[in-house]
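Residue-level listing of the chains:
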Amino acid sequence: MLVQVEAVGQVADGRATVRVRSEVGAAAVFWCGDPTGVGCEHHVEWTVDEDMAWGGNTRPVNVFSPGVAEVAGDRIAFRGRLDLTGDGGAVLEVAGARILFDLADPPPSPAADGTWVEVRVERNSVSLWPYLL
């Protein structure tokens, strides 16, 4: 996913927080790239350190388009197509980006594979890593 990275600040542990803007939305998250990369466009990999819990932080949606948004002040919502990997994990495809998740109890039903879902996670669990194509 191609995003524009804008400086926001640093948190107490020294990590940089940036606002990223893409064709599917915007959010403030932790930046794991070089500080000189702030203010530029990057292809990025999203890392989420929170498990996907069906009926908890994950639910089916009737909106069939990808999205990234800040919700409820301290959460980030990802909307995309769910791919259950069969090994206790899942992949959420959001506008070409593939975000890996571990599954918590209760896991989604096998019938949820391939459906559109929204996953809401703590902002502090989301990081961005830039990469070159």
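See the structure printed just above.
Not measured: the values here are computed from a predicted model.

Caption draft 1: Geometry of the overall build of the protein. Summing up its helical and strand segments, the protein has zero helices and eleven strands in all. Moving toward the C terminus, one meets the helices and strands of the protein in the order β-β-β-β-β-β-β-β-β-β-β. Over its C-alpha atoms the protein spans a radius of gyration of 15 Å, differing by no more than 12% from the 14 Å that the globule rule assigns to 133 residues. Along the first, second and third principal axes, the C-alpha set of the protein runs to 45 × 30 × 25 Å. Taking all 133 residues of the protein together, 43% fall into the buried category.

Caption draft 2: Spotlight on the pattern of salt bridges. Taken as a whole, this structure holds eight salt bridges when the rule is applied. The residue Glu 6 makes a salt bridge to Arg 21 at a minimum N-O spacing of 3.1 Å. In this pair, Glu 6 sits in strand 1 (residues 2–10) while Arg 21 sits in strand 2 (residues 16–22), placing the two residues 15 residues apart along the sequence. Judged by relative accessible area, Glu 6 falls into the partly exposed class, the value being 28%. Arg 120 is the salt-bridge partner of Glu 118, the closest N and O atoms lying 2.7 Å from each other. Given the relative accessible area of 31%, Arg 120 is considered partly exposed. Connected through shared salt-bridge partners, Arg 19, Glu 70 and Arg 123 make up one network.

Caption draft 3: Seen up close, the environment of Ala 53. Checked against the element boundaries, Ala 53 lands in the loop between strand 4 (41–48) and strand 5 (58–60). Residues contacting Ala 53, with those up to four places away along its chain left out, are Thr 58, Ala 104, Asp 105 and Pro 106.

Caption draft 4: Spatial organisation of the environment of Asp 49. Along the polypeptide, Asp 49 turns up in the loop between strand 4 and strand 5. Asp 49 gets classed as exposed once you look at its relative accessible area, which sits at 61%. Between the C-alpha atom of Asp 49 and that of Asp 102, which follows or precedes it by 53 residues, the distance is 8.8 Å.

Caption draft 5: Quick look at unusual backbone geometry. In this model, Asp 105 is joined to Pro 106 through a cis peptide bond whose omega is -5°. Relative to the assigned elements, Pro 106 resides in the loop between strand 9 (97–102) and strand 10 (116–122). Of note in the backbone geometry, Ala 95 takes a positive phi value of approximately 50° without being a glycine. With respect to the element layout, Ala 95 can be found in the loop between strand 8 (89–94) and strand 9. Using a relative accessible area of 26% as the deciding quantity, one classes Ala 95 as partly exposed.

Caption draft 6: Structural view of the side chain of Asn 57. Along the chain, Asn 57 falls in the loop between strand 4 and strand 5. Asn 57 sits in the buried class, given a relative accessible area of 11%. A polar contact is formed between the side chain of Asn 57 and the backbone nitrogen of Ala 53, at a distance of 2.7 Å. Not counting residues within four places of it along the chain, the set of residues in contact with Asn 57 comprises Glu 50, Asp 51, Met 52, Arg 75, Glu 118, Val 119, Arg 120 and Val 121.

Cut-offs applied
- Residues numbered from 1 in each chain as written.
- Predicted model: local features only at pLDDT ≥ 70, side-chain atom pairs only at ≥ 80, totals over all residues.
- Heavy atoms only, no water.
- Helix = DSSP H or I, 4+ residues; strand = E, 2+ residues; numbered from the N terminus.
- Rg over C-alpha atoms; globule rule 2.2 N^0.38 Å.
- Buried < 20%, exposed > 50% of the residue type's maximum accessible area, 1.4 Å probe, protein only.
- Salt bridge = Lys/Arg side-chain N within 4 Å of Asp/Glu carboxyl O.
- Contact = heavy atoms within 4.5 Å.
- Polar contact = N/O pair within 3.5 Å; in protein donor to acceptor, adjacent residues only side chain to side chain.

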